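An overview of the molecular structure
Listed below, chain by chain, are the residues.
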Amino acid sequence: MSSTEEDEQTGYVHRLRELYRLQISRYPDYPSRYTAHLTAGLRLMGMDIGIVSHIDDCRYTVRAVQPAEHGIAKDDVFELGDTYCARVVGTGAAITYNHVGSDPAMREHPVYREMHLESYIGAPIRVNGRIWGTINFSAIAPRTIPFSKADTEFVELMAQGLGQVIERDVLQQQREEAITHLEQSNELFESAFEFAPVGMLLVDTEGHILRANRALLEMFGYREDELFGRDTREFAHPEDVDLGQDLLAEMRAGQRRSYRLEKRYVNAMGETLWCLVSASLVRGNEGEARYFIAQLLDITEVKHNRMELERQRAELELANHKLTAFALADSLTGLPNRRAFQQRLTEALAASRRGGHAVSVALIDVDLFKQYNDRFGHPAGDDALQAVADAMNGFTRDSDFLARYGGEEFVLIMPETGNDASATACERLRSAVEAISGLKRAMSVSIGAATYLPGETTGPPDEETLIAAADDALYRAKRDGRNRVRYGTLH
């Protein structure tokens, strides 16, 4: 072996020893470790400037620089741009440049322009398989002897050593943070469980109580040792014992993650409690069912108030229904009143226009009713009107709408009924009234009817037009001697 080869081998071994020393040495912080590596690298390779940088997106931050008097300092941030660091990141491997000045674009970058660098060697620092940053060394003079393979391997090993330390520390930090987080989570869970304002239970997969918090013990009136190991169904109301069991089975089977329902329980004093129950299943790392956690919110007062409110609402709806019916009904005859008739006529005409079918209206007037009233008195008159209403109501169809129009007048709406059919219907009503017995004297009615048939009139009539036609027919019926039916024409 030549003396030159011996020197190179000796130098290589010396570098490996230095790397080992750097690796096993303890440092108070990362900057001290970086500085030690840079100082060793500068000395062993005869370079002027060493930098450790951290790459973050399109920027790199200087973590350490040696020596510190070359116009660049720790924590300086630069755009990555087309720098040698960018090329290290781009290739993912060590790079060397013996003469930076041969690259004019590179010389314009502030790092190289300020420090007048002429030669460069750098390697990527990998942490968890990703490039965390770079370590590089530069000289202010071009290399007369090109960087050797040993130089490249030395810088790569140094970068690898830094990466391993950082990775180890990051893992340790993550482990410590995870342990701290777990401890904090356990403390928070214990505090949240024990001091929660609602009742909380831990229940095994078969439904036996493992733990109960203070709020639940106060709610049910038991000590915790009186609950431990007992089946939750023991405390359910007899009618609610099996309520929610199918939901628990679905959670155990993985078909649902949680459920929520209202359920009754019986406390130590024998009182019924309404509870809003929210339950979920906790599983282990392998997905196995571990235990259920349940929240029980006492809603007894709310439930009672809600039931009372529902009772009052039902009473109010019934009262409103009665008021509505009363507002649309005639108090004497029980028939719908004039207001109800107006609403139904509007609906009937709208349906007639949509369906293209006829609708007929008849106005009915009790003949000589004023004389009957004056002679026999108002109570007898009221009885007569009631009898007339009952007689006519017995001869109407389910689809017809008979109403008291006012005084001794009635009105009849006949949907889907033309002239002939309405005339027949009106004649039935007239005959029914004529056949009434048991009154102070016989009664009769005069009837005027009119029909609207879409397409047979000059235009769709309003309610007043149709009523006016029926009223005109009623006038003719009375003029012709009463107790008869006459038909009006729409104009």
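Structure shown above.
Since the structure is predicted, the reported quantities are computational estimates derived from the model, not experimental observations.

Concerning the overall build of the protein
Each helix and strand in the protein was counted, giving 15 helices and 16 strands. Taken against the 2.2 N^0.38 rule, which gives 23 Å for 491 residues, the C-alpha radius of gyration of the protein at 51 Å runs more than 25% over that of a compact globule. Seen along its three principal axes, the alpha-carbon backbone of the protein occupies a region of about 155 × 75 × 35 Å. Out of the 491 residues in the protein, the part that is buried amounts to 40%. Within the protein, contacts between residues separated by at least 24 positions form 57% of all contacts whose residues are at least 6 apart in sequence. Summed over all atoms, the accessible surface of the protein reaches about 26900 Å², with 50% contributed by carbon and sulfur.

Observations regarding the side chain of D151
Counting through the fold element by element, D151 comes out in helix α6 (residues 149–195). A residue is classified by how much of its surface remains accessible, and D151, at 7% relative accessible area, is buried. At 3.0 Å, the side chain of D151 forms a polar contact with the backbone nitrogen of S148. For D151, the residues in contact, after removing those within four places along its chain, are R15, M45, I121 and R143.

Digging into the nonpolar core
In terms of nonpolar packing, the biggest core is built from 29 residues, with I364, V366, V388, M392, F410 and I447 touching the most fellow members. For this core, the secondary-structure elements that each account for two or more residues are β12 (359–366), α12 (369–376), α13 (378–393), β14 (409–415), α14 (419–434) and β15 (445–452). Counting residues per element, this core draws most heavily on α13, at eight residues. Excluding residues within four positions of it along the chain, V366 makes contact with L385, V388, E408, F410, M443, S444 and V445.

A few points about the pairing of strand β5 (residues 119–127)
Burial runs high along β5: eight of the nine residues are buried. Bridge count for strand β4 (residues 95–97) against β5 is three bridges, and the pairing is antiparallel. Each residue of the ladder has a partner; that of Y97, found in β5, is Y120. With nine bridges connecting them, β5 and strand β6 (residues 130–139) associate as antiparallel partners. Each bridged residue has a counterpart across the sheet, and for A123 the counterpart in β6 is I135. Linking two consecutive strands that pair antiparallel, namely β5 and β6, is a turn of two residues; a positive phi of about 55 degrees is found at N128 within it.

Examining unusual backbone geometry
Here Q66 and P67 are connected by a cis peptide whose omega angle stands at -15 degrees. Mapped onto the elements of the fold, P67 is located in the loop between β2 (59–66) and β3 (77–79). At L368, a residue that is not glycine, the phi angle is positive and equals roughly 50 degrees. Looking at where L368 falls in the secondary structure, it is placed in the loop between β12 and α12.

Here we look at the pairing of β2
Where strand β1 (residues 49–56) lies against β2, seven bridges are found, and the strand directions are antiparallel. Paired with D56 across the two strands is R59, which belongs to β2. Linking β1 back to β2 in an antiparallel pair, the connection comprises two residues, with D57 at a positive phi of about 55 degrees. In terms of strand pairing, β2 meets β3 through three bridges, oriented antiparallel. Residue T61 lies in a different strand from β3, and its bridge partner there is V77.

Quick look at the packing of aromatic side chains
Enumeration according to the criterion identifies nine aromatic pairs in this entry. An aromatic cluster of three or more residues is present, and its members are Y30, Y34 and W132. When the ring centre of F154 is taken as origin, the NZ or CZ atom of R15, which lies over that ring, is 5.0 Å away. Its end group placed over the ring of W274, K303 keeps NZ or CZ at 4.5 Å from the ring centre.

Regarding the environment of P142
With respect to the element layout, P142 can be found in the loop between β6 and α6. A residue is classified by how much of its surface remains accessible, and P142, at 41% relative accessible area, is partly exposed. For P142, the contacting residues outside a window of four places in its chain are N98, H99 and E118.

Here we look at α12
Taken as a whole, α12 has its buried residues at F369, Y372 and N373. The buried side chains of α12 occupy one side of the element, clustering within an arc of 95 degrees when seen end-on. The outward face of α12, more than 90 degrees from its buried face, is lined by the exposed residues K370, Q371, D374 and R375. Contacts from the buried residues of α12 go to β12 and α13.

Details of the packing of helix α11 (residues 338–355) against helix α15 (residues 463–479)
Between α11 and α15, the least distance of the axes is 10 Å, while the angle of their chain directions is 105 degrees. In terms of their interaxial angle, α11 and α15 are classed as roughly perpendicular. Along the contact surface, α11 presents F341, Q342, L345, T346 and L349, while α15 presents E463, L466 and I467. Here the residues of the contact of α11 with α15 sort into five nonpolar, two polar and one charged.

Examining helix α9 (residues 245–252)
Where α9 is concerned, the buried positions are L247, L248 and M251. Relative to the axis of α9, the buried residues are bounded by an arc of 100 degrees and lie together on one face. At its buried positions, α9 is contacted by β9 (258–266), β10 (272–283) and β11 (289–298). Just downstream of α9 lies G254, where phi reads positive at about 80 degrees.

Here is what the cut-offs are and how they apply
Residues numbered from 1 in each chain as written. Predicted model: local features only at pLDDT ≥ 70, side-chain atom pairs only at ≥ 80, totals over all residues. Heavy atoms only, no water. Helix = DSSP H or I, 4+ residues; strand = E, 2+ residues; numbered from the N terminus. Rg over C-alpha atoms; globule rule 2.2 N^0.38 Å. Buried < 20%, exposed > 50% of the residue type's maximum accessible area, 1.4 Å probe, protein only. Contact = heavy atoms within 4.5 Å. Areas by Shrake-Rupley, 256 points an atom, 1.4 Å probe, with all protein chains shown as cover. Polar contact = N/O pair within 3.5 Å; in protein donor to acceptor, adjacent residues only side chain to side chain. Core = buried A, V, L, I, M, F, W, Y, C linked by side-chain atoms within 4.5 Å. Pairing = 2+ DSSP bridges. Phe/Tyr/Trp six-rings, centres within 6.5 Å; stacked < 30°, edge-to-face > 60°. Lys NZ or Arg CZ within 6 Å of the ring centre and 35° of its normal. Arc of directions from axis to C-beta. Axes fitted to C-alpha atoms, helices over the stretch in contact; angles between N-to-C directions. Parallel < 35°, antiparallel > 145°, perpendicular 65-115°, else oblique. Nonpolar A, V, L, I, M, F, W, Y, C, P; charged D, E, K, R; others polar.

By themselves, these observations are geometric and do not establish any function.
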